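Reading the structure
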Amino acid sequence: MGTALVVTSGKGGVGKTTTTANLGAALALLHKKVCVVDLDLGLRNLDSALGLQNRIIYTIVDVIQGRADIEQALIAHPDFDGQLYLLPAAQNADKNVLTAQAVKQVVSALKKNFDFILLDCPAGIETGFENAVAGADGAILVTNPENVAVSDADRIVGLLEARHLEFGPRLIINRIRKNLMNKGLTMNVAQITDHLAIPLLGIVFDDDEVIATANQGKLVAVNADNPAAQGYRNIARRMLGETVPLMSLTDETNLATDEVVTEPIKNKSLANSATDQTQDVVDPIASAAADKVSEPTTEMKELTQTAKQPAVKEASKTKKSADLSAKTDTNVKATATESAPKTAATTVEKPTPPKKLSFWQRLFGRRQ
Ligand SMILES: Nc1ncnc2c1ncn2[C@@H]1O[C@H](COP(=O)(O)OP(=O)(O)OP(=O)(O)O)[C@@H](O)[C@H]1O
Ligand SMILES: [Mg+2]
């Protein structure tokens, strides 16, 4: 059985669809069988992000209303050798068709044939969000380093935690502009993770090529030397249990010197390849495994925070880690984790204990 993860954000336009498409591609490149599902009825952007908009015959609405089997509606991406599929949304359908029950049924059918099902969620906290979460085993929360995005994400964290999903929410900070972050003009990674208090799955730099490739119906994730693609690929590797250090936020170029994805990725042994970590960033606490469809020897690892990461020192997070420990499968061999730097200028330093700042003080940089 596969694992279904909803990609959500609260605020619109932070990169949910881009993340769903590129993370799906990155997981497919790692030999996982992935289905990305567009649950943003009406807007329907995921097909364009994948360059598949001209191949749509049936949609998820046709499946729900019995006009098509799920296999008829699925579109195989031609560049991924049968590893990446899209279940498209309908553009003109009544949104009420997509009930929580219907999403659950579709996802449950997909889980039989895919390792990962990534659910692209509409913005907001309305019915569309509720329905998407209903079908998910876990959540990936995408935010930008902007006050309003983080503030909306905070609301989503509360809603997600109330659902008690099997895998607690994991954070991706998308569209990081290093120059702004290093000048203190945006919240830095530590401030965001400290505020949201959920484990960091990874960071993705803001990069023109993301937009340029999307406009050509291509996926930036296939370009191994692109900084944003590296972010997506690193996240995929962490999801499969590798420990991959956080990309550098200080170097002059966007290319990280300490986070080069080894090619060819396809030949790596996922279960045993957590060899590129540094001692400073690796301190696994817990793992949880999900059944695999195509690769029973490699488990999806539940990513956890290190003891050195301020975000997980909160009592509620510690309890969650303990809960996850209890669920740890004996087959799990490794746990991946990403440490947030204490400041934008350091990536592997041991962070000092978090300062007691209010949310607004952290946002605006005032100290007590
Ligand atoms: N890392 C990135 N670098 C540069 N541009 C990006 C990046 N991530 C996303 N974008 C761009 O940001 C815009 C919004 O992205 P996207 O459509 O994925 O957001 P969304 O959260 O799905 O939006 P919505 O809430 O409307 O569904 C797009 O133009 C996309 O190309
Ligand atoms: Mg979208």
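Quick look at the structure, then.

1. A look at the overall build of the protein
Helix and strand counts for the protein come out as 13 helices and 8 strands. Classification of the 368 residues of the protein by burial places 53% in the buried group. For the protein, long-range pairs separated by at least 24 residues make up 77% of all intrachain contacts whose partners lie at least 6 apart in sequence.

2. What about the sheet that holds strand β1 (residues 3-8)?
The 8 strands are arranged β3-β4-β2-β5-β1-β6-β7-β8 in an open sheet whose pairing can be described as mixed. Each end of this open sheet is capped by a strand with a single partner; those strands are β3 (75-76) and β8 (200-205). Strand direction decides the pairing type here: β3 and strand β4 (residues 84-87), joined by 2 bridges, are antiparallel. Following the sheet pairing, A76 is matched in β4 by Y85. The strands that helix α6 (residues 127-134) touches are β1, β5 (116-120) and β6 (138-143); relative to β1, the one it contacts most, it runs at about 160°.

3. Some details on the site of ligand 1
Not every one of the 20 residues close to ligand 1 is listed here, only the nearest: G12, G15, T17, T18 and A123. Of all elements in the fold, only α1 (16-29), β7 (167-176) and α10 (208-215) reach the threshold of two or more residues within the shell around ligand 1. Within the shell around ligand 1, the residues separate by chemical class into 7 nonpolar, 8 polar and 5 charged.

4. As for the pairing of strand β2 (residues 34-38)
Counting buried positions along β2 yields 5 of 5 residues, so the element is predominantly enclosed. Side chains V34, V36 and D38 project from β2 onto one buried face, and the interleaved C35 and V37 project onto a second face that is buried too. Sheet topology places β2 next to β4; 4 bridges connect them, and they run parallel. Its bridge partner lying in β4, V36 is registered against L86. Here β2 pairs with β5 via 5 bridges, running parallel. Opposite V36, over in β5, you have L118 as the bridge partner.

5. Some words on the nonpolar core
Residues L5, A26, I60, I117, L118 and L119 are the most contacted members of the largest nonpolar core, which totals 92 residues. In terms of residues, this core owes the most to one element, α1, which gives 7 residues.

6. Notes on the packing of α1 against helix α11 (residues 227-239)
Between α1 and α11, whose axes approach to 8 Å, the crossing angle comes to 60°. By the angle between their axes, α1 is oblique relative to α11. Handedness of the α1/α11 crossing: right-handed. Along its contact with α1, which presents N22, L23, A26 and L27, the element α11 presents Y232, R233, I235, A236 and M239. Of the residues assigned to the contact of α1 with α11, the class counts are 7 nonpolar, 1 polar and 1 charged.

What counts and how
Residues numbered from 1 in each chain as written. Chains lettered and ligands numbered in written order. Predicted model: local features only at pLDDT ≥ 70, side-chain atom pairs only at ≥ 80, totals over all residues. Helix = DSSP H or I, 4+ residues; strand = E, 2+ residues; numbered from the N terminus. Buried ≥ 20, exposed ≤ 12 C-beta atoms within 10 Å, placed from the backbone. Contact = placed C-beta atoms within 7 Å. Pairing = 2+ DSSP bridges. Axes fitted to C-alpha atoms, helices over the stretch in contact; angles between N-to-C directions. Near = placed C-beta within 6 Å. Nonpolar A, V, L, I, M, F, W, Y, C, P; charged D, E, K, R; others polar. Core = buried A, V, L, I, M, F, W, Y, C linked by C-beta atoms within 7 Å. Parallel < 35°, antiparallel > 145°, perpendicular 65-115°, else oblique. Left-handed = near helix turned anticlockwise from the far one by under 90°.

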